[in-house]
Amino acid sequence: MDVFDELLRGVRGKGAVFGRSVLWPPWSLRFADGAYLTLCVPMRGAGWIVPETGEPRHVALGEAAIVRGPAPFSFTDDPANVTTAGVREVHWGEDAPGLMDRDVELTGSTVLLAAAYDVREQVPQRLLRALPPVLVVPDEQDCSPLRDYLEAQIGGGRPGHQTVLDRLLDWLLVCTLRDWFDRPEAEPPGWYGALGDEVAGPALRAIHEDPAHPWTTAELASRAGVSRTTLAKRFTDLVGNGPAAYLTEWRMTLAADLLTRPELTVAAVARRVGYADAFGFSAAFKRLRGESPSTYRQEAATAHVPDRAVPAG
């Protein structure tokens, strides 16, 4: 199993059109809806991402940027413009003034594609919490054909083009994240780097492949062909806790997402993550998450809001 794929499986655009803005200087867009992630890709021209705190980051043609929310940020042709009167507020999913028509010709000195995501699932958050507030990734694979295809899809009305745009958005986001975590300046969580380790890696992959299995340290050690002591030390050094603790933590992460599904009882969730009864599962969940499964489910239902992978300015 590819753990990276598993972690990001829930990060998807649903009914999304790439938000696009055709911009002429001076211009400044302010994103203030508090999305968990916002992807910004100049299709023509360049710009600056200006966070509420921290230094501005330049984003050139051929680069992609991801901004981790919920703090507001601006995308502008000049960082000095973010305090001027011509700033346009961007509201995802609203027909705000200045939004481009779906069939508009993409002309102008700058064409920006942007999309926002509310990532409520706990599984992808395990990876995404390691992101810096702003990251910029250069295109080292020459994706100019993809960019040309995106422009054609945005302006076209062929059957199924909405689904094509959604999946292209997913692809672009995941590829940007993957490229970022491969860069030397990235600081991924310990378990991410441990996946490639010859001792800890097989144990981690086994846990992710079958989290409901009653794994023991001895059984996991056999996957790597080492002793229990060797696995426990190496695993703890790289991941930050031992195999048993990691297994419990991962099970509770999976359970948190399963609890948002109203058709599953607490007992059913418990069985799916390896617990024979709801009592033992509830005790473990409360110990790690600080509240009972029932309370977590109620709070998650109250906090539910629609996805924000929808058009914007």
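Note that the structure is predicted; figures quoted are calculated from it, not measured.

A. Inspection of the nonpolar core at higher detail. If you look at the biggest cluster of nonpolar residues, it comprises 66 residues, and the most contacted ones within it are Leu128, Trp191 and Phe281. In terms of residues, this core owes the most to one element, helix α9 (residues 243-258), which gives 8 residues. Every residue in contact with Trp191, bar those within four places of it in the chain, is listed here: Val3, Leu7, Arg126, Leu127, Leu204, Leu238, Val239 and Tyr246.

B. Quick peek at the pairing of strand β4 (residues 47-51). The buried count for β4 comes to 4 of 5 residues, which makes it a mostly enclosed element. Examined bridge by bridge, β4 and strand β5 (residues 57-59) share 3 bridges and lie antiparallel to one another. Along β5, the bridge assignment pairs Trp48 with His58. Two successive antiparallel strands, β4 and β5, enclose a turn made up of 5 residues, where Gly54 displays a positive phi of approximately 105 degrees. For β4 and strand β7 (residues 73-76), the ladder comprises 4 bridges, and the chain directions are antiparallel. Looking at β7, one finds that Val50 is bridged to Ser74.

C. Expanded view of the environment of Ser74. In this structure, Ser74 sits in strand β7. Judged by relative accessible area, Ser74 falls into the buried class, the value being 6%. Distance in space between the C-alpha atoms of Ser74 and Arg88 is 9.4 Å, their sequence separation being 14 residues. When near neighbours in sequence (up to four residues on either side) are disregarded, Ser74 contacts Ser28, Leu29, Arg30, Trp48, Ile49, Val50 and Val82.

D. Just the packing of α9 against helix α11 (residues 278-289), in detail. Packing of α9 against α11 leaves a shortest axis separation of 10 Å and a crossing angle of 95 degrees. As the angle between them shows, α9 and α11 are arranged roughly perpendicular. Counting all contacts with α9, which are made through Thr248, Glu249, Met252, Thr253, Ala255 and Ala256, the residues of α11 involved are Phe281, Ala284, Phe285, Arg287, Leu288 and Arg289. A class-by-class count of the residues in the contact of α9 with α11 yields 7 nonpolar, 2 polar and 3 charged.

E. Structural context of the sheet that holds β5. With mixed pairing, the 5 strands of this open sheet are ordered in space as β5-β4-β7-β2-β8. Looking at strand neighbours, the two that pair on one side only are β5 and β8 (88-90), the edges of this open sheet. Within this sheet the neighbouring strands show an average axis-to-axis angle of 25 degrees, counted without direction.

F. Inspection of the pairing of strand β3 (residues 37-44) at higher detail. The element β3 is extensively covered by neighbouring structure, given that 7 of its 8 residues are classed as buried. Sheet topology places β3 next to strand β6 (residues 63-68); 4 bridges connect them, and they run antiparallel. Bridge pairing links Cys40 to Ala65 in β6. With 7 bridges joining them, β3 and strand β9 (residues 110-117) adopt antiparallel strand pairing. Looking at the pairing, Leu37 lines up with Tyr117 of β9.

G. Expanded view of unusual backbone geometry. That bond from Gly69 to Pro70 is cis: its omega, 10 degrees, falls within 30 degrees of zero. In this fold, Pro70 is placed in the loop between β6 and β7.

H. Just the pattern of salt bridges, in detail. Counting across every chain of the model gives 6 salt bridges. Residue Arg126 pairs with Glu249 through a salt bridge whose shortest N-O separation is 2.9 Å. Here Glu249 lies in helix α9 and Arg126 lies in helix α2 (residues 122-128), a separation of 123 residues in the sequence. Looking at Glu249, the relative accessible area reads 30%, which means it is partly exposed. In this structure, Asp237 engages Lys233 in a salt bridge whose closest nitrogen and oxygen atoms are separated by 3.0 Å. Of this pair, Asp237 and Lys233 are both found in helix α8 (residues 228-239), 4 residues apart, which corresponds to roughly one turn of the helix. Overall, the relative accessible area of 52% leaves Asp237 in the exposed class. Note on Lys233: relative accessible area 56%, which makes it exposed.

What counts and what doesn't
- Residues numbered from 1 in each chain as written.
- Predicted model: local features only at pLDDT ≥ 70, side-chain atom pairs only at ≥ 80, totals over all residues.
- Heavy atoms only, no water.
- Core = buried A, V, L, I, M, F, W, Y, C linked by side-chain atoms within 4.5 Å.
- Buried < 20%, exposed > 50% of the residue type's maximum accessible area, 1.4 Å probe, protein only.
- Helix = DSSP H or I, 4+ residues; strand = E, 2+ residues; numbered from the N terminus.
- Contact = heavy atoms within 4.5 Å.
- Pairing = 2+ DSSP bridges.
- Axes fitted to C-alpha atoms, helices over the stretch in contact; angles between N-to-C directions.
- Parallel < 35°, antiparallel > 145°, perpendicular 65-115°, else oblique.
- Nonpolar A, V, L, I, M, F, W, Y, C, P; charged D, E, K, R; others polar.
- Salt bridge = Lys/Arg side-chain N within 4 Å of Asp/Glu carboxyl O.

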